[in-house]
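Single-letter residue listing:
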There are 2 protein chains.
Amino acid sequence: MALPAEFSLIARHFAPLAGDGGLGLTDDAAIVTPPPGRDLVITADAMVAGVHFLPHEPAENVARKLLRVNLSDIAAMGAVPLYYLLTLSTPRGLPDAWFAAFAGGLAADQTRYNIALLGGDTTSTPGPITVSVTMFGHVAPGTALRRSGARAGDDLWVTGIVGDGVLGLMALRGECADPDGTLAARYRLPEPRLGLHLHGIAHAAMDISDGLVQDAGHLARASGVALVLNIDNVPLSLGGRAAGSDFVASGTAGGDDYELLLAVPPENKAALRASAAKSGVPVTRIGRFAEGNPDVRAVDATGTHVALGQGGWSHF
Amino acid sequence: MALPAEFSLIARHFAPLAGDGGLGLTDDAAIVTPPPGRDLVITADAMVAGVHFLPHEPAENVARKLLRVNLSDIAAMGAVPLYYLLTLSTPRGLPDAWFAAFAGGLAADQTRYNIALLGGDTTSTPGPITVSVTMFGHVAPGTALRRSGARAGDDLWVTGIVGDGVLGLMALRGECADPDGTLAARYRLPEPRLGLHLHGIAHAAMDISDGLVQDAGHLARASGVALVLNIDNVPLSLGGRAAGSDFVASGTAGGDDYELLLAVPPENKAALRASAAKSGVPVTRIGRFAEGNPDVRAVDATGTHVALGQGGWSHF
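What counts, and at which threshold
Residue numbers run consecutively from 1 along every chain, following the written order of its sequence. Think of it this way: whatever chain is written first is A, whatever ligand is written first is 1, and the rest follow in order. The model is predicted, so local features are restricted to residues of pLDDT at least 70 and side-chain atom pairs to those at 80 or more, both for listing and for counting; the totals for chains, interfaces and linings are taken over all residues. Every axis in this analysis is a line fitted to C-alpha atoms, fitted for helices over the stretch in contact. Angles between the N-to-C directions lie between 0 and 180 degrees. Helix numbering and strand numbering both begin at the N terminus, where a helix is a DSSP run of H or I of at least 4 residues and a strand a DSSP run of E of at least 2. Any angle that falls under 35 degrees is termed roughly parallel, while one over 145 is termed roughly antiparallel, one within 65 to 115 roughly perpendicular, and all others oblique. Note on convention: the crossing is left-handed when the near helix lies turned anticlockwise from the far helix by less than a right angle, right-handed when the turn is clockwise. Any two residues are considered in contact once their C-beta atoms, placed from the backbone, lie within 7 Å. Note that Gly is not counted as nonpolar here; it falls among the polar residues with everything else outside the nonpolar set of Ala, Val, Leu, Ile, Met, Phe, Trp, Tyr, Cys and Pro and the charged set of Asp, Glu, Lys and Arg. As a rule, residues whose C-beta atom has 12 or fewer other C-beta atoms within 10 Å are exposed, those with 20 or more are buried, and those in between are partly exposed; C-beta atoms are placed from the backbone. At least two bridges found by DSSP between two strands is the condition for calling them paired.

1. Here we look at the packing of helix α2 (residues 59–76) of chain B against helix α3 (residues 96–113) of chain B
Residue and element names in this part refer to chain B.
Here is step 1: Look at α2 against α3: their axes get within 6 Å of each other, and the N-to-C directions meet at 40 degrees. The pairing of α2 with α3 is recorded here as oblique in orientation. Pair α2 / α3 crosses with right-handed handedness. Every residue of α3 that contacts α2 at Ala59, Glu60, Asn61, Val62, Ala63, Arg64, Leu67, Arg68 and Leu71 is listed here: Trp98, Ala101, Phe102, Gly104, Gly105, Leu106, Ala108, Asp109 and Tyr113.
Here is step 2: Tallied by class, residues from the contact of α2 with α3 come to 11 nonpolar, three polar and four charged.

What follows is the structure in structure tokens.
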């Protein structure tokens, strides 16, 4: 009996990526023994062609970005990544080369981040390419960093540079200059901030995906504290500085950046700087949590209130 | 700052379904302590409107079927279900009532199968509704039932009735009579065969989703043994018997049934029957594994060879 093409596709492109518990992707489910004495951190993120990536984006980049947006959530919990499951819905007739390139992207980032494939599903769709990953990480019990731990008096810190993700998308659409391609690269292949030791240093953490202002608001609300954002302290690239004086306040800056927001008590400032230096990740203080209405407001370098826009991303 | 509609939708419809580790669906990831001393069994299945369900299928049924096709994989490993993550890609403008009904379906089957929601993702799509679940179960270490354990001399058993799933789909399309709606009901809401004690009884197991002939072939190949299917022993409903004498041999029968195929040594026949009786699941012997070319062939009640078609489902 000849096997349907679906099984050949899985055997050729995805089975070589399977980790120990994945059983060569030939069984009904994966079987894993969780790391003893550790908690599991589990997240899922989907991406749709034309919504989360440009329709003609190379398949290798789609695969790598899919892993990285999920790894960013693992990083935001202070966890170490382990393995993942993948579901892939693709139009009939998508060439084999697309799957080969997609699997090549997965392979590259599996090596880079020391993770393996456990299983998943492949289906056809009459719609756009739709891909989804469930990612697993592990942490010592009770040490996962939640959004709800920020306290009045904590400083708000951010890793890296804010705003290049959304500018990269604009550049790829021809709406923004990007002479050396760095903005587009930031949009296409964000760098999850794994490896930053934060336990005992940060009270709360989350990653920025929808926009700095919107996501900082989530942190404030989850923690039940007010947040004052020092808008002029937000670290921007040259491209970000060129994007206009209201780039950060408008709410669009930060979308697709996958930098981390961290709530850190002032007495842990030196420990944070040491941890950041050790892993080579820049960190910048951009605000402070305070008693009050659990929401975010902004001031400029002179302390003057700045109105915030609602430029963050929503799907509905 | 007003929150985007996406967060309101999650808070209203999905947060009430969250289990302990789901953190109210407000954090970057779920945090769970795996059951101590147990292995985790993990599977993922996606469903696309127009491919896996009819475009106007009630949202409650879509949700319940999505959970059940995943629970069927947990059942096929002999595991106990625990929790799941959900990703949902829906067209902009889908009415709130659709989400309410979808969440209602999840709630009904969460109670029925004692599972909880841990997290996931909601996105928009310019294409059809696309839903995906990653489902977790647990088993005692080393006791998960794999596809590869069948040995020459084992009998092949099947749970329940074969063929009503694909006939139900045909009935919903008006291609097949279904006066009392039982066939359509089997297609819409399959019953995962959880709770059947199989450890120490079956050597191998898998669930039937693509078609009996194709899936039995997977079991034979994974185990490296030949399989002779007694085609006239395959348990059919009245509707199945009316579907024509080549219904089983054509390969279409069994698609969307989610019954279990079990490889059981003859000496465990009484134990299997006792386990099946205890959980109220009928089981029928429909073949035997033998030394030889790892593939499936069929004989009728007189022992005459019957040619097998390739009617099973493939996405590519």
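2. Some details on the pairing of strand β7 (residues 204–207) of chain B
All names here are of chain B.
Here is step 1: The two faces of β7 match: Ala204 and Met206 on one face and Ala205 and Asp207 on the other face are all buried.
Here is step 2: With four bridges joining them, β7 and strand β9 (residues 260–264) adopt antiparallel strand pairing. Looking at the pairing, alanine 204 lines up with alanine 263 of β9.

3. Considerations on the interface of chain A and chain B
Here is step 1: Facing 65 residues of chain A, the contacting portion of chain B comprises 65 residues.
Here is step 2: Examining the composition of the side of chain A that touches chain B, we find that nine residues originate from one element, strand β2 (residues 39–48) of chain A, more than from any other.
Here is step 3: Of the residues in the side of chain A that touches chain B, the class split is 32 nonpolar, 21 polar and 12 charged.
Here is step 4: With three bridges joining them, β2(A) and strand β1 (residues 30–32) of chain B adopt antiparallel strand pairing. Each bridged residue has a counterpart across the sheet, and for A:Ile42 the counterpart in β1(B) is B:Ala30.

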